[in-house]
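Given next are the chains, with one letter for each unit.
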Amino acid sequence: MKASQLFYPTLREVPSEAEIVSHQLLLRAGFIRKTTAGVYTYLPLAQRVLKKITDIVREEMNRAGGQEIMMPIIQPRELWEKSGRWSLYGEEMFKLNDRHQREFALGPTHEELITTLVDSDVHSYKGLPLLLYQIQNKYRDEIRPRFGLMRGREFIMKDLYSFDIDYEGLDESYQKMHHAYQRIYERLELDYRVVQADSGAIGGNESHEFMVLAETGESEIVYCSLCDYAANVEKAVCLAEENPPARKEYKSLTKVHTPGQKTIKDIVGFLDIPEQQQIKTLMYMKDDELIAAIVRGDRDLNEIKLKNLIGGNQLFMADEATVKSICGAGFGSLGPVGMKVKIYIDLEVAQMRNFACGANEDDYHYTNVNIGRDFAPFAVVDIRNAVEGDRCPCCEGSLKTIRGIEVGHIFKLGTRYSEALEATFLDSHGQEKPLVMGCYGIGISRTMAAAVEQNSDENGILWPLPIAPFQVIIVPVNIKNQEQKDLAESIYNELTAKGIEVLLDDRDERAGVKFKDADLIGIPLRITIGPKSLQENKIEMKKRWEKENTLVDISAVTKTVLDIVLE
RNA sequence: CGGGAUGUAGCGCAGUUUGGUAGCGCGUCUGGUUCGGGACCAGAAGGCCGCAGGUUCAAAUCCUGUCAUCCCGACCA
């Protein structure tokens with residue numbers, strides 16, 4: 001490709017709307033342009049990168065036995081009513097009506113559609129297992145689209161769905177996908193980690209996330225410094241302290257007047273009691289029942305763990321009026337002593353002695369509260385967020401935290417959808433059974449952004465070779481010089497003939513401009529043709545991730561490039 | 001959905017306080033000189049000042065509404 005023909009409008013300045021590196025660089029380097037909030041046009045360079053990513057994904061899906069299909073983006077409401085997700089997904093779905101006022105949604109995902117498809121055309125265990133996938137645009141009307149391609153409202157996803165006759169089959173399919181995913185991220189040359197994850201609203205029991213490591217990642221991951229345990233903080237298991245500090249004596253319960261003191265920090269200052277010696281009482285509505293959840297003053301409650309533990313359809317924070325009417329005090333003055341509702345306390349809290357909390361009376365707190373003597377918890381459970389330094393749940397190591405971008409997520413769905421949608425098959429005994437399903441997603445467009453997020457410097461992007469839009473860029477310092485021009489073209493032709501993807505910067509621009517653009521768009525290998533080295537019959541070769549040039553004999557250029565690209 | 005901010009040329013911004021014929025830098029086009037890390041000189045094009053109302057002799061500027069974009073939050077009391 002000749003640069004003079006390529007549409008890649010680069011920008012000198014950073015568009016003001018872009019906050020994170022990947023967004024800024026993809027805009028500046030002419031890869032994407034915004035159409036509206038969370039919706040982007042992919043320009044030629046991005047399209048090339050996306051194609052490379054999807055090619056790798058496709059190859060690995062096919063290798064694992066997947067078959068590619070294409071499904072509609074427009075999906076009828078009835079399908080979503082059947083699975084119960086029309087209201088569950090709610091505002092997250094783009095909805096539209098046709099001229100007859102029939103209702104549709106733009107597919108945020110395709111479980112409903114594919115389950116229905118497989119149900120209507122697979123009737124026997126003989127047709128199973130079946131692995132089908134699609135690579136398409138999906139739509140989610142995010143509360144707040146942000147960070148460019150990271151959290152868009154329209155995005156490209158690969159989703160594979162597995163259908164098996166039983167849970168053993170599902171385990172096998174799941175393992176296949178797990179391996180395929182590892183191969184994919186290794187081939188993409190991204191620094192990633194597999195973590196245990198919560199399966200969230202999609203349902204199912206086992207689940208792993210594939211995280212590209214990056215400071216700006218939206219997810220926090222904990223991992224063990226000794227073994228290979230790694231989990232999303234949402235999921236990470238917290239253990240009770242094995243050797244709790246020597247049990248102090250119970251001091252007597254004291255009620256203290258604390259006018260206007262509401263937060264944990266207020267009490268630290270007012271009563272001189274450290275956060276770790278206080279407890280935090282959070283009130284939730286589990287469907288129609290008010291409950292209390294308690295963690296140590298310096299900890300964060302993990303709502304997902306709480307929800308998973310106590311069940312119920314919906315769990316949300318109670319509003320202050322409700323709390324006041326039942327507990328007698330507003331937020332900031334709550335505590336378990338004398339509280340009438342079910343109280344769930346964190347494992348860690350169970351080991352505390354003589355702590356402080358609200359007295360269920362505005363402007364009063366208790367100090368020297370003790371479990372058993374002063375109140376009785378309904379259950380002692382793991383409901384806090386893991387933090388750095390916690391003990392590993394699998395070994396003696398301690399946990400560390402790191403941030404990552406979720407680029408892949410695999411779930412064991414089981415029969416959640418096949419039962420709701422009555423998708424069954426006949427087994428070898430002629431018994432009708434629900435299909436056992438798994439679902440395996442990769443955010444393709446997000447992976448592109450994550451690659452940039454992880455690989456850039458002050459001059460621009462550093463694409464990993466396997467997904468770079470071009471592998472080599474040739475920069476003749478002065479295109480008007482016939483000797484440089486001829487040599488550039490002959491190297492270009494030779495490399496192209498060998499199947500290398502080459503961008504020839506044949507623009508009549510100053511050398512500096514061409515170097516800047518080459519760095520910005522992030523081509524891994526640069527060949528510079530200029531008078532300095534031409535005298536010696538050499539060209540300069542520079543790897544994007546290295547500082548220095550190396551001189552290469554003109555006769556050896558092709559071989560040198562092939563060695564690097566094919567390594 | 002709550003809070004905050006911003007909409008002025010393709011991009012980045014000033015001008016708004018104190019109303020008086022719309023500016024700067026980059027980019028773009030023409031000509032020339034240049035030519036190894038975003039050149040220089042000369043010239044030029046390009047704006048319904050987000051949109052709609054209102055106040056005024058006069059509105060980018062004041063008022064009302066509306067739309068859009070971005071940031072923070074939307075559980076940690």
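Further up the page is the structure itself.
The sections below set out a description of the structure shown in this document.

What counts, and where the lines are drawn
Residues numbered from 1 in each chain as written. Chains lettered and ligands numbered in written order. Predicted model: local features only at pLDDT ≥ 70, side-chain atom pairs only at ≥ 80, totals over all residues. Heavy atoms only, no water. Near = heavy atom within 4 Å. Polar contact = N/O pair within 3.5 Å; in protein donor to acceptor, adjacent residues only side chain to side chain. Helix = DSSP H or I, 4+ residues; strand = E, 2+ residues; numbered from the N terminus. Nonpolar A, V, L, I, M, F, W, Y, C, P; charged D, E, K, R; others polar. Salt bridge = Lys/Arg side-chain N within 4 Å of Asp/Glu carboxyl O. Buried < 20%, exposed > 50% of the residue type's maximum accessible area, 1.4 Å probe, protein only. Phe/Tyr/Trp six-rings, centres within 6.5 Å; stacked < 30°, edge-to-face > 60°.

Description of the protein's contact with RNA strand B
Step number 1: The environment of RNA strand B is made up of 44 residues, and the closest members are Arg 144, Lys 262, Phe 331, Asp 519 and Glu 540.
Step number 2: Sugar and phosphate atoms form 47% of the subset of RNA strand B atoms that lie within 4 Å of the protein.
Step number 3: The side chain of Lys 34 places a nitrogen or oxygen atom 2.9 Å from a sugar or linking oxygen of RNA strand B.
Step number 4: In the model, a sugar or linking oxygen of RNA strand B is placed 2.8 Å from a nitrogen or oxygen of the Lys 280 side chain.
Step number 5: Listed by contribution, the elements that provide at least two residues to the surface near RNA strand B are β1 (32–36), β14 (279–286), α13 (511–521), β29 (525–529) and α14 (531–534).
Step number 6: Here the surface near RNA strand B takes 8 residues from α13, the largest share from any one element.
Step number 7: Its residues assigned to classes, the surface near RNA strand B comprises 17 nonpolar, 8 polar and 19 charged.

Here we look at the pattern of salt bridges
Step number 1: Tallying each qualifying case throughout the model produces 42 salt bridges.
Step number 2: Notably, a salt bridge pairs Glu 218 with Arg 151, separated by 3.2 Å at the nearest N-O pair. Of this pair, Glu 218 sits in the loop between β10 (207–213) and β11 (219–224) while Arg 151 sits in the loop between β7 (130–139) and β8 (154–164), and the two are 67 residues apart along the sequence.
Step number 3: Taking the shortest distance from any N to any O, the salt bridge between Asp 374 and Arg 373 comes out at 2.9 Å.
Step number 4: Assessed through its relative accessible area of 15%, Asp 374 is described here as buried.

Considering the packing of aromatic side chains
Step number 1: All chains considered together, the criterion is met by 8 aromatic pairs.
Step number 2: Taking 5.9 Å as the distance between ring centres and 25° as the angle between the ring planes, the aromatic pair formed by Tyr 185 and Phe 210 counts as stacked. On the criterion of sequence distance, the pair formed by Tyr 185 in helix α6 (residues 167–187) and Phe 210 in strand β10 is long-range, its members being 25 residues apart. Each member of the pair, Tyr 185 together with Phe 210, is buried.
Step number 3: For the ring pair Tyr 344 and Phe 378, a centre distance of 5.4 Å and an interplane angle of 65° mean the geometry is edge-to-face.

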